[in-house]
Amino acid sequence: MKIANLPGDGIGPEIIEQATRVLNALDEKFEMESAPVGGAGYEAHGHPLPEGTLKLAKEADAVLFGAVGDWKYDKLERALRPEQAILGLRKNLNLFANLRPAILYPELAGASTLKPEVVSGLDILIIRELTGDIYFGQPRGVRECPDGPFKGEREGFDTMRYAETEIRRIAHVAFQAARKRGKRLTSVDKANVLETFQFWKDIVTDVHKEYPDVQLDHMYVDNAAMQLVRAPKKFDVIVTGNMFGDILSDAAAMLTGSIGMLPSASLDANHKGLYEPSHGSAPDIAGKGIANPLATILSAAMMLRYSLNKAEQADRIENAVKKVLAQGLRTPDIYEEGTTKVGTKEMGDAVVKALAQ
Ligand SMILES: NC(=O)c1ccc[n+]([C@@H]2O[C@H](COP(=O)([O-])OP(=O)(O)OC[C@H]3O[C@@H](n4cnc5c(N)ncnc54)[C@H](O)[C@@H]3O)[C@@H](O)[C@H]2O)c1
Ligand SMILES: CC(C)[C@H](C(=O)O)[C@@H](O)C(=O)O
Ligand SMILES: [Mg+2]
């Protein structure tokens, strides 16, 4: 089985190194091949998603991805910016279903900025549609404003859109996931204002007919953002569009103690997938050896479970992470008094060691 290893930029290589060590410490051996992506792809081949990198990602059984982006590329034309690499991979590989599980490990109850009683026992799954919405809608750009009070001025514009098939397939993924968990699904929309999301709501309601055993409710995105910090444990599975899912999953990350704890799986219809932490390249801490590698290590566990059919090995990694947290080891983002502060590599060392115990 072949894994495409795409470290990317900023803390990407630091966290991927630790996830790779963890994978190499398992009994199963995987073929791994690395390629540059994002700013690193641009530096090596003049493009954030070089042809060879895309080819490798397509051929591999799964992709392990670090993060892309750096402020120094912000002035490049959009097509050459690092973020286009991850967007291009999602689109080219048809990875429309993004699973972002927000789980609070009991040892981290005090690391969250929310009160322990609000978050303890938290286990929610955010399912974000990943290849549609305003992220990919055309047309988009900057043009001369055609009408209204600002006629003749320059205006920036994007297009929010969802085709029926796109909504149906993500709704099926969400209902099926809910069926395997607490059987409750919340579809998050903005149907009170946006045509795209009234349509979304209507289609999700229609798909619900095939899943009478799952309880469905609908919530506006502004309320969902509030409820996520007010009473997050009331949610089981959340399904939403690309942009709302991007925002809500970062908010949910803080319920788990840190964005450095939130893994993700991006899947196509056949469970081929790309696995990456939900966070970015964190240029502010890159090179300091202090990034939390656990979201990436947990993403590698998701890869074993969803794409490589190695659930036992995934369990081993997740148990090793639990052990390390129980031992009191913490990177600075999850550090509290009374625990032991460690860097990226020491955290990786500890997970590798815990695998052998
Ligand atoms: N999928 C991706 O590759 C991805 C995702 C999000 C952002 N980005 C890109 O990353 C760059 C930085 O974006 P940003 O600062 O808005 O978001 P970010 O997620 O990179 O960082 C936000 C904050 O969280 C902290 N953080 C993130 N990951 C951490 C970790 N593992 N351990 C400890 N702290 C961590 C950072 O230090 C920073 O303070 C931008 O270029 C952005 O486009 C890429
Ligand atoms: C880097 C960016 C394109 C990406 C997104 O917006 O999807 C990131 O924020 C994420 O959550 O994976
Ligand atoms: Mg994001």
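Residues numbered from 1 in each chain as written. Chains lettered and ligands numbered in written order. Predicted model: local features only at pLDDT ≥ 70, side-chain atom pairs only at ≥ 80, totals over all residues. Heavy atoms only, no water.

- Under an unreviewed UniProt entry, the name given to the protein is 3-isopropylmalate dehydrogenase, and the source organism is Noviherbaspirillum autotrophicum.
- Entered under Subcellular location (unreviewed entry) in the UniProt record, the comment concerning the protein runs "Cytoplasm".
- Regarding the protein, the UniProt comment filed under Pathway (unreviewed entry) reads as follows: "Amino-acid biosynthesis; L-leucine biosynthesis; L-leucine from 3-methyl-2-oxobutanoate: step 3/4." (UniProt positions renumbered as here; feature names shortened; annotations may be inferred.)

1. Some words on the overall build of the protein
Part 1: Helices and strands together make up the secondary structure of the protein, namely twelve helices and 14 strands.
Part 2: Over its C-alpha atoms the protein spans a radius of gyration of 20 Å, differing by no more than 12% from the 21 Å that the globule rule assigns to 357 residues.
Part 3: Dimensions of the protein, computed from C-alpha atoms along their principal axes, come out at roughly 65 × 50 × 40 Å.
Part 4: The long-range fraction of contacts in the protein, counting pairs at least 24 apart against all pairs at least 6 apart in sequence, stands at 75%.
Part 5: Total accessible area computed for the protein in this model is approximately 15,500 Å², and 51% of it derives from carbon and sulfur atoms. (Helix = DSSP H or I, 4+ residues; strand = E, 2+ residues; numbered from the N terminus. Rg over C-alpha atoms; globule rule 2.2 N^0.38 Å. Contact = heavy atoms within 4.5 Å. Areas by Shrake-Rupley, 256 points an atom, 1.4 Å probe, with all protein chains shown as cover.)

2. A word on helix α6 (residues 164-179)
The periodicity of an α-helix, 3.6 residues per turn, causes residues three or four places apart in sequence to face the same way.
Part 1: Taking 1.5 Å of rise per residue, the 16 residues of α6 would be expected to cover 22 Å, and the 22 Å separating its terminal C-alpha atoms lies within 8% of that figure.
Part 2: Buried within α6 we find E166, I167, I170, A171, A174, F175, A177 and A178. On an axial view of α6, the arc spanned by its buried residues comes to 160 degrees, and they lie on one face.
Part 3: Where α6 is buried, its residues contact β4 (97-103), β5 (123-129), β8 (184-189), α7 (195-208), β9 (215-220) and β10 (237-240). (Expected span 1.5 Å × (residues − 1). Buried < 20%, exposed > 50% of the residue type's maximum accessible area, 1.4 Å probe, protein only. Arc of directions from axis to C-beta.)

3. Here we look at the site of ligand 1
Part 1: As a matter of local geometry, ligand 1 sits amid 21 residues, with V68, E83, G280, A282 and D284 nearest to it.
Part 2: Residue E83 places a side-chain N or O atom 2.5 Å away from an oxygen atom belonging to ligand 1.
Part 3: Out of a free accessible area of 800 Å², ligand 1 has 73% covered by protein chains. (Near = heavy atom within 4 Å. Polar contact = N/O pair within 3.5 Å; in protein donor to acceptor, adjacent residues only side chain to side chain.)

4. Section: the packing of helix α10 (residues 294-306) against helix α11 (residues 311-326)
Part 1: It is at 7 Å that the axes of α10 and α11 come closest, and there the two elements cross at 160 degrees. Relative to α11, the element α10 is oriented roughly antiparallel. Between α10 and α11 lies a crossing whose hand is left-handed. Residues L294, I297, L298, A301, L304 and R305 of α10 touch α11, and the partners they reach there are A311, Q313, A314, D315, I317, E318, V321 and L325.
Part 2: In terms of residue class, the contact of α10 with α11 is made up of ten nonpolar, one polar and three charged. (Axes fitted to C-alpha atoms, helices over the stretch in contact; angles between N-to-C directions. Parallel < 35°, antiparallel > 145°, perpendicular 65-115°, else oblique. Left-handed = near helix turned anticlockwise from the far one by under 90°. Nonpolar A, V, L, I, M, F, W, Y, C, P; charged D, E, K, R; others polar.)

5. Some words on the site of ligand 2
Part 1: Around ligand 2 sit E83, L87, R90, R100, R128, Y135, D246 and S278, and that is every residue in its neighbourhood.
Part 2: R100 has a polar side-chain atom sitting 3.1 Å from an oxygen atom of ligand 2.
Part 3: Here an oxygen atom of ligand 2 sits 2.9 Å away from a polar atom, N or O, in the side chain of D246.
Part 4: Within the complex, the protein chains bury 76% of what would otherwise be the 320 Å² of accessible surface of ligand 2.
Part 5: With three residues, helix α4 (residues 83-92) is the largest single contributor of residues to the shell around ligand 2.

6. Regarding the pattern of salt bridges
Part 1: In this structure the tally under the stated criterion is 21 salt bridges.
Part 2: Between R161 and E166 there is a salt bridge, with its nearest N and O atoms 3.3 Å apart.
Part 3: Residue E166 is classed as buried on the basis of its relative accessible area of 9%.
Part 4: What emerges from the salt-bridge pattern is a single network uniting E164, R168, D206 and K209. (Salt bridge = Lys/Arg side-chain N within 4 Å of Asp/Glu carboxyl O.)

7. Remarks on the domain arrangement of the protein
Part 1: Under the domain assignment used here, the protein contains domain 1 (1-104 + 262-357) and domain 2 (123-255).
Part 2: Each of domain 1 and domain 2 was reduced to a C-alpha centroid, and the two centroids are 25 Å apart.
Part 3: Contacts between the two partners involve 18 residues from domain 1, matched on the other side by 21 residues from domain 2.
Part 4: Together, the buried faces of domain 1 and domain 2 total about 1,700 Å²; carbon and sulfur atoms form 62% of this surface.
Part 5: Where domain 1 touches domain 2, the interface holds zero salt bridges.
Part 6: Where domain 1 touches domain 2, the interface holds six residue pairs in polar contact (both at pLDDT 80 or more).
Part 7: Listing elements by their share of the side of domain 1 that touches domain 2, those giving two or more residues are α4 and β4.
Part 8: Of all the elements, β4 adds the most residues to the side of domain 1 that touches domain 2, at seven residues.
Part 9: Residues belonging to the side of domain 1 that touches domain 2 are distributed by class as follows: ten nonpolar, four polar and four charged. (Domains from an automatic or database assignment. Buried area = accessible area lost by both parts, 1.4 Å probe.)

8. Focus on the environment of I11
Part 1: Structurally, the position occupied by I11 is in the loop between β1 (2-8) and α1 (12-24).
Part 2: Along the backbone, I11 and D284 are 273 residues apart, and their C-alpha atoms lie at a distance of 9.3 Å.
Part 3: Once residues within four sequence positions are removed from consideration, I11 is found in contact with H279, G280, S281, A282, I285, A286 and A291.

9. Here we look at the UniProt feature "binding site: substrate" (unreviewed entry) in the protein
Part 1: The feature "binding site: substrate" (unreviewed entry), as annotated in UniProt, sits at R90, R100, R128 and D222 in this numbering. On the basis of their most widely separated C-alpha atoms, the annotated residues across 133 residues do not gather in one place, lying as much as 26.4 Å apart.
Part 2: Along the chain, R90 turns up in helix α4.
Part 3: Overall, R90 belongs to the buried group, its relative accessible area being 6%.

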